[in-house]
Amino acid sequence: MNPVGINGTLIIQLITFVILVVLLYKYMYGPLRKVMDARRAKIADGLAAAERGKEEMALAQKRAAEMLREAKDKAAEIIANAERRGVELREEAQVKAREEADRIIAGARAEIDVETNRAREVLRGQVVELVVDGTQRILHREIDQNAHRDIIDRMVGQL
């Protein structure tokens, strides 16, 4: 046996090895490579989706903060409008109350004037009677009211 020589077994082993490598490459390495490429693509897509998700989340947070700020601004504006309207309503109510009070006071004054005039007339009548009665007592005789009406009216007018 020649230790360095090439014999038939070595050639068969070499051919078998080449066939095994070709079969492994075709049936195992090819599909395994496709699975690995698909897995690599899936991982890359997942990482890209996660990055997009982070960006979208940051954008959504910005939009939410902006909407919250707008809502606060609008609420402040509504509150300011309500306060302004409240002041206007209070002022209108005060004006109406003053007008109503003035109307009531004017009515009361008119009523007081009417009552005062009535009281004066009643007092005049009573004064006339008292003057006639007093004069009768002083003079001890009866005075004709109709005949001396001018004198009595002057006296009452002086009161």
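Keep in mind that this is a model prediction, so the values were computed, not measured.

Procedures and definitions
- Residues numbered from 1 in each chain as written.
- Predicted model: local features only at pLDDT ≥ 70, side-chain atom pairs only at ≥ 80, totals over all residues.
- Heavy atoms only, no water.
- Helix = DSSP H or I, 4+ residues; strand = E, 2+ residues; numbered from the N terminus.
- Buried < 20%, exposed > 50% of the residue type's maximum accessible area, 1.4 Å probe, protein only.
- Areas by Shrake-Rupley, 256 points an atom, 1.4 Å probe, with all protein chains shown as cover.
- UniProt positions renumbered as here; feature names shortened; annotations may be inferred.
- Expected span 1.5 Å × (residues − 1).
- Bend = angle between axes of the 7 residues up to and from the residue.
- Phe/Tyr/Trp six-rings, centres within 6.5 Å; stacked < 30°, edge-to-face > 60°.
- Patch = residues over 30% accessible without salt bridge, like charges linked within 9 Å, V, L, I, M, F, W, Y side chains within 5 Å.
- Salt bridge = Lys/Arg side-chain N within 4 Å of Asp/Glu carboxyl O.

## Considerations on the overall build of the chain
Then step 1. Within the chain, the regular secondary structure consists of two helices and zero strands.
Then step 2. Of all 159 residues assigned to the chain, the portion counted as buried reaches 4%.
Then step 3. Entry remark: accessible area of the chain is about 14400 Å², with carbon and sulfur atoms responsible for 61%.

## Here we look at the UniProt feature "transmembrane region" (unreviewed entry) in the chain
Then step 1. Cross-referencing UniProt, the feature "transmembrane region" (unreviewed entry) maps to residues 6-25 in the present numbering.
Then step 2. Structurally, residues 6-25 is divided into 90% helix and 0% strand, and its ends, taken at the C-alpha atoms, are 27 Å apart.

## Some remarks on helix 1 (residues 8-139)
Then step 1. Between its first and last C-alpha atoms helix 1 spans 187 Å; for 132 residues at 1.5 Å apiece the expected length is 196 Å, and the two agree.
Then step 2. Where helix 1 bends most, at Y25, the angle is about 40 degrees.
Then step 3. Every buried residue belonging to helix 1 is among V128, V131 and V132, and all of these are buried.

## Some words on the packing of aromatic side chains
Then step 1. Tallying each qualifying case throughout the model produces one aromatic pair.
Then step 2. Ring geometry for Y25 and Y29: centres 5.2 Å apart, planes at 25 degrees, overall stacked. Taken together, the residues Y25 and Y29, both in helix 1 and four residues apart, mark about one turn of the helix.
Then step 3. Overall, the relative accessible area of 52% leaves Y25 in the exposed class.

## Observations concerning a nonpolar patch on the surface
Then step 1. A cluster of nonpolar side chains, I6, L10, I11, I15, I19, L23 and Y27, forms an exposed patch at the surface whose accessible area comes to about 710 Å².
Then step 2. Tracing the sequence through the fold places Y27 in helix 1.
Then step 3. The exposure class of Y27 is exposed, given its relative accessible area of 56%.

## Topic: the pattern of salt bridges
Then step 1. In this structure the tally under the stated criterion is eight salt bridges.
Then step 2. Note that E66 is salt-bridged to R69, the shortest N-O span being 2.4 Å. On the criterion of helical spacing, the pair formed by E66 and R69 is a turn pair, its members being three residues apart in helix 1.
Then step 3. Residue class for R69 comes out partly exposed when judged on its relative accessible area of 41%.
Then step 4. The salt bridge involving E100 is made with R103; its shortest N-O contact spans 2.3 Å. Separated by three residues within a single helix, E100 and R103 lie in helix 1, roughly one turn from each other.
Then step 5. Classification of E100 by relative accessible area gives partly exposed; the value is 36%.
Then step 6. Three or more residues joined by partner-sharing salt bridges are found here, namely E66, R69 and D73.

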